[in-house]
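Descriptive analysis of the structure
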Amino acid sequence: MMKKRSISASKASLVLFLCQMISALDVPLDSKLLEELSQPPTITQQSPKDYIVDPRENIVIQCEAKGKPPPSFSWTRNGTHFDIDKDAQVTMKPNSGTLVINIMNGGKAEAYEGVYQCTARNERGAAISNNIVIRPSRSPLWTKEKLEPNQVREGDSLVLHCRPPVGLPPPIIFWMDNAFQRLPQSERVSQGLNGDLYFSNVQPEDTREDYICYARFNHTQTIQQKQPISVKVFSTKPVTERQPILLTPTGSTSTKVELRGNVLLLECIAAGLPTPVIRWIKEGGELPVNRTFFENFKKTLKIIDVSEADSGNYKCIARNMLGSVHHVISVTVKAAPYWITAPRNLVLSPGEDGTLICRANGNPKPNISWFANGVPIAIAPEDPSRKVDGDTIIFSHVQERSSAVYQCNASNEYGYLLANAFVNVLAEPPRVLTPANKLYQVIADSPALLDCAYFGSPKPEIEWFKGVKGSILRGNEYVFHDNGTLEIPVAQKDSTGTYTCVARNELGKVQNEVRLEVKDPTMIIKQPEYKVIQRYGQVSFECIIKHDSTLLPTVIWLKDNDELPDDERFLVGKDNLTIVNVTDKDDGTYTCIVNTTLDSVSASAVLTVVAAPPTPAIIYARPNPPFDLELTGQLERSVELSWIPGDENNSPIKNFVIEYEDGLHEPGVWHYQTEVPGTQTTVQLKLSPYVNYSFRVIAVNEIGRSQPSEPSEQYLTKSANPDENPSNVQGIGSEPDNLVITWESLKGFQSNGPGLQYKVSWRQKDVDDEWTSVIVANVSKYIVSGTPTFVPYEIKVQALNDLGYAPEPSEVIGHSGEDLPMVAPGNVQVHVINSTLAKVHWDPVPLKTVRGHLQGYKVYYWKVQSLSRRSRRHVEKKILTFRGNKTFGMLPGLEPYSSYKLNVRVVNGKGEGPASPDKVFKTPEGVPSSPSFLKITNPTLDSLTLEWGSPTHPNGVLTSYILKFQPINNTHELGPLVEIRIPANESSLILKNLNYSTRYKFYFNAQTSVGSGSQITEEAVTIMDEVQPLYPRIRNVTTAAAETYANISWEYEGPDHANFYVEYGVAGSKEDWKKEIVNGSRSFFVLKGLTPGTAYKVRVGAEGLSGFRSSEDVFETGPAMASRQIDIATQGWFIGLMCAVALLILILLIVCFIRRNKGGKYPVKEKEDAHADPEIQPMKEDDGTFGEYSDAEDHKPLKKGSRTPSDRTVKKEDSDDSLVDYGEGVNGQFNEDGSFIGQYSGKKEKEPAEGNESSEAPSPVNAMNSFV
């Protein structure tokens, strides 16, 4: 909104950005904008002028202000600077001007009484607060006085004086007795405004000794009590009646002064017997309506929100049967200053003019004084652009240094007003605050509002364009709002597109694009119809819809404008609602509501439920078709159609639908024309030229639609020029030397006459060329040959017929055909970032050489050879495409220590251009892969032979191999770690001086100059001259998981009396393991009740062998399936097979055990197996010492006892796809969604532990010992 004020005839109008400034001060337009714009200070919060504080609490004097930059604050007290740093009891809140005076820690409120004023200042000016008068509240005690008992004669008047102590603020007075009950008041007994208790006449029941006056001081939440007053009423016979006299006010007249806007209270209390009645009038006028109230039994007249018009003489009249008395109160209404026009903030551009106006009224009339930045303007620094003229400051040709905060003070003897208004001189280029590319969606034929919120100083001018290079929007079809919004009152499908808003002022311009999409409206093409159904029958309502393909509709059914009953008899289908077994309560109105994000439509139908009638009921049916159609008043573009309705069949006709047939262009096809109410039998129809019209009418009632009427006579309208031109005109070349112009032809009746043709015109854009035109038949394409390659053309297609041309068409821009780009990108550079990533740069090709629409660049790159092997392989070229006019790209997934070549080509719509010269680059070394195998052979008492293969991917020059090994005792604890560095050219090593009959774990990896690669692990045992006792172990734990269950199987070596258990839990979870007992000595178990799609961890243990269990395995259940799958674990054949396998394994174990225990005996060395598990050692019954084993095959290894193959070779390819071979629970983790994180390796294991620390998650190999 803009407001203009004329300064002089020769000066330009002053533009005040009032709306935007008010918004900027109160409701920020844009947080980023407000952070950037400078603004003088504005006081946003301050304490009241008269500030009464509780002397027991801290005093908080508020002063908050905003500005850019943030203002600093200072205070004055009683007109002089208040240095808060020198008073330890006073602090100022951070980033605020609010003072906190600490009273609760020793300060005295009385010491801080005074007049305070806050100043907020920044580089653009200073704003000041009101004068804030600080006064502590007071609640003094009642002065002690000796109260004599009141003895009064019955019928006389009486006044009990309260005289409360003077407090700040004044106390609230009320009268109570000793029981703290309020004394009853009436027309006879009441409390006056001064707190005294008035008796118009006393009665014997008024005798009591506990008339107590209380004073409540709200600020300090205290109540003071006056000493009780005693009243004794004595009777005399007879009681003398008296005419009224006034107890208050005294005399016949008095005066009262009240301030404008306050509440006027006038009081008259009279004595007399009988009790007088009070009445109020205003002499020479009426009491104000809606503002007048009577209180205290009409003894008090109350007028709220008084004004000068309420001045005058008010008369109270007290009357009883013996006479009357009156009193006149002369009321004068004065006024503290009040605003007529308060000064408002002013934003100007350098060189502009403006005014600040400060107009106030009051009684008496207030004096106006001006201040600049808190200083009286007479002594403020001079500003040549400023001139003070009474209540107005005139600014002429302001500059940025003219920014300041001005204060206007309006005062009279009853008060003052103080207002701050800043003058902010800004020079700001335009800014558009509406987000770029904002999408607006509307329904066709409804208004579209496209926002262009803006800011600038001077105020920018706003222009709108459609499309990137469209012309400026003008005309009646658009509405341009002052806030920059473009309104399209009736948006059509062709309104869809990109709209550009341009804001410009003398400091620059800025533009912003928004997009508009116009959607087809949602329609119910088959509405539910009125139904009459017999009880217990079935009924169906149809609701078939048509909607915009990009909108997702939702259909809701209601019954009597409420949700459908929660009843399975109501079946909601895609296009219908079906009710089965209908009952009487189903009677009602059913509504189909279709909602999209942009619109909503509905249709209703009534269901009537009837009993099977013993006699024929009234038949409701569709109406009979109308007849006797007649055309009258034929004109070129209109005709009047009339008809006679058919029988409505007991259901009133709601409306008539008129359809038409074009016998000239589409014979036999009927189109919707219009619709009229059922009470109307004539209609004026609008017609198009050159159409052979026939009309028919269809009647519609609650039951449905009638059959169409017989067609009317035909009426051929006269021909005319076409009203419109073809749409969707395009120009796209199919060959490098042509331009193919296409368009959508006009429909039949759009031709408006015979001989429809098209005038196709074109000319090369940006060349001073004449239009070339050709007239073609009713086709939709024309090819222009011999054009230059890929140049822009201006194109237009105009319709014409035998009567003339359509209006001048709009121009579109097309291009002739593309050809392959001519040149390759130059200055191709490659920057190798690391061993697997490189960045390639190139110079863009000149756009003229692209010869088409630039689509991007393609980078071809391929590996030439590995620098470590010097062997070539089949060249596999890779291609990366970078869209648009990019000049760099990243090449990921390179192999380390390799030589690569690449070239770059530009791409347009036709294809690729020539390649740039091949660029060679090399990737640096990386860390190698793990050795291809590690084989341990020739075990002796104190030596082992290690053989290995070089890494499959050395990724550089191998510098050495690192071998680490450590012993493992019988409790699976790891011994000290030994490390050996081996030259890179070695492929075997004999380790000597090892301990006999000891298991060792080996960690082996290769190194390049970059670092160590992944390691491979293996275990082996030195032989001994005596057979090792049998230690139990569980190995080869495998899982086969389905959707909700998993088959767990394992191999066991050890005593045959072991009972197994399976522990499992969610992988990555800290929850306790769940335990399942395995019945018997089976070596398999089925876990059931698992969650589909979840990763689980599992391990197997043996009961009675404390702490003895297998390593962890990880598996994942299958995803939930919609159809039921067969659980193999529940199939009889599978259970039988598993039982047979288990029985066979058990027999083999028994046979092996028998064979080992027959034959000779040998003593177990006393020194051996200090760390062995005593539960699996043979014990003597008496002293617990070791017994003797007997074995007929001494020194022969038990082949079944080792997981390692006989050749001690571990191949990396083994079990690559098994979760058993992931990081063994060491390096691998599972995400919250169950996906695996970590490295995948054939034998990936944890780094070896130093010393004798135990492994928290040993592998299956570590969990058992082999016999040798």
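So, here's what we can say about the structure. Please read all numbers here as calculations on a predicted model, not as lab measurements.

The rules behind each value
- Residues numbered from 1 in each chain as written.
- Predicted model: local features only at pLDDT ≥ 70, side-chain atom pairs only at ≥ 80, totals over all residues.
- Heavy atoms only, no water.
- Helix = DSSP H or I, 4+ residues; strand = E, 2+ residues; numbered from the N terminus.
- Buried < 20%, exposed > 50% of the residue type's maximum accessible area, 1.4 Å probe, protein only.
- Contact = heavy atoms within 4.5 Å.
- Areas by Shrake-Rupley, 256 points an atom, 1.4 Å probe, with all protein chains shown as cover.
- Pairing = 2+ DSSP bridges.
- Axes fitted to C-alpha atoms, helices over the stretch in contact; angles between N-to-C directions.
- Phe/Tyr/Trp six-rings, centres within 6.5 Å; stacked < 30°, edge-to-face > 60°.
- Patch = residues over 30% accessible without salt bridge, like charges linked within 9 Å, V, L, I, M, F, W, Y side chains within 5 Å.
- Salt bridge = Lys/Arg side-chain N within 4 Å of Asp/Glu carboxyl O.
- Core = buried A, V, L, I, M, F, W, Y, C linked by side-chain atoms within 4.5 Å.
- Polar contact = N/O pair within 3.5 Å; in protein donor to acceptor, adjacent residues only side chain to side chain.
- Disulfide = S-S within 2.5 Å.

A count of helical and extended segments in the chain gives 4 helices and 99 strands. Counting only residues that meet the buried cut, the chain has 44% of its 1268 residues in that class. Partitioning the contacts of the chain with sequence separation of at least 6, the portion at a separation of at least 24 is 66%. For the chain, the exposed surface amounts to about 65,800 Å²; the carbon and sulfur share of it is 50%.

Read across the open sheet, the 3 strands follow the order 59-60-63; overall the sheet is antiparallel. Of all the strands in the sheet, the pair left with one neighbour each is strand 59 (627-632) and strand 63 (682-686). Strand-to-strand twist in this sheet, taken as the mean axis angle between neighbours without regard to direction, amounts to 25°.

Aromatic ring pairs are reported here in terms of the distance separating the ring centres and the angle at which the planes meet. What the rule picks out here adds up to 25 aromatic pairs. Pairing Trp842 with Tyr857 gives two aromatic rings, centres 5.4 Å apart and planes at 50°, and the pair type is tilted. Here Tyr857 lies in strand 76 (residues 854-866) and Trp842 lies in strand 75 (residues 837-843), a separation of 15 residues in the sequence. Relative accessible area serves as the criterion here: at 0%, Tyr857 is assigned to the buried category.

Before going further, it helps to spend a moment on a nonpolar patch on the surface. On the surface, Trp1133, Leu1137, Val1141 and Ile1145 cluster together to form a nonpolar patch covering roughly 370 Å² of accessible area. Along the polypeptide, Ile1145 turns up in helix 4 (residues 1132-1157). Residue Ile1145 is classed as partly exposed on the basis of its relative accessible area, which comes to 32%.

So, about the pairing of strand 67 (residues 738-744). Across the 7 residues that make up strand 67, a large majority, 5, are buried. If you look at the hairpin formed by strand 66 (residues 727-732) and strand 67, you'll find 5 residues sitting between the two strands. Across 5 bridges, strand 67 lies against strand 70 (residues 781-785) in antiparallel orientation. In the strand pairing of strand 70, Asn738 is matched with Ser785.

Grouped together as the largest cluster of nonpolar side chains are 25 residues, with contacts concentrated most on Ile59, Ile61, Trp75, Ile101, Tyr116 and Ile134. At the level of elements, strand 4 (50-53), strand 5 (59-61), strand 6 (63-68), strand 7 (72-77), strand 10 (99-101), strand 11 (114-122) and strand 13 (132-136) are the ones that each hand at least two residues to this core. For this core, the element with the highest residue contribution is strand 11, accounting for 3 residues.

Assignment of secondary structure puts Ser349 in the loop between strand 31 (346-348) and strand 32 (354-357). Ser349 gets classed as buried once you look at its relative accessible area, which sits at 1%. Distance from Ser349 to Glu400, taken between C-alpha atoms, is 8.1 Å for residues 51 residues apart in sequence. The residues touching Ser349, leaving out its near neighbours within four places in the chain, are Val398, Val425, Leu426, Ser457 and Pro458. At a separation of 2.6 Å, a polar atom in the side chain of Ser349 contacts the side chain of Ser457.

On to the sheet that holds strand 18 (residues 197-199), then. Each strand in a sheet pairs with its neighbour through backbone hydrogen bonds, running either in the same direction (parallel) or in the opposite one (antiparallel). One open sheet holds the 3 strands; their spatial order is 15-18-17, and the pairing between them is antiparallel. Of all strands in the sheet, those bounded by a partner on one side alone are strand 15 (158-160) and strand 17 (189-191). Averaged over all pairs of adjacent strands, the angle between strand axes in this sheet comes to 15°, irrespective of strand direction.

Below, the discussion takes up the pattern of salt bridges. Here the structure, examined in full by the defined rule, presents 40 salt bridges. Where Lys302 meets Glu295, a salt bridge forms, and the shortest distance between an N and an O atom there is 3.3 Å. Judged by its relative accessible area of 23%, Lys302 is partly exposed. Looking at Glu295, the relative accessible area reads 33%, which means it is partly exposed.

This next bit is on the side chain of Gln117. Tracing the backbone through its elements, the reader meets Gln117 in strand 11. Once you skip the residues sitting within four places of it in the chain, Gln117 turns out to touch Ser74, Trp75, Thr76, Ile128, Ser129, Asn130, Asn131 and Leu418.

Bringing the environment of Lys935 into the picture now. Position of Lys935 among the secondary structure elements: in strand 81 (residues 931-937). Residue classification places Lys935 among the partly exposed residues on the basis of a relative accessible area of 22%. In this structure the C-alpha to C-alpha distance between Lys935 and Gly949, which are 14 residues apart in sequence, comes to 8.9 Å.

Now for the state of the cysteines. Evaluation of the coordinates by the stated rule reveals 6 disulfides. The disulfide bridge from Cys63 ends at Cys118, spanning 2.0 Å between sulfur atoms. Here the S-S torsion is close to -70°, and the disulfide linking Cys63 with Cys118 is therefore left-handed. With a gap of 55 residues between them, Cys63 in strand 6 and Cys118 in strand 11 connect regions that are remote in the sequence. Judged by relative accessible area, Cys118 falls into the buried class, the value being 0%.

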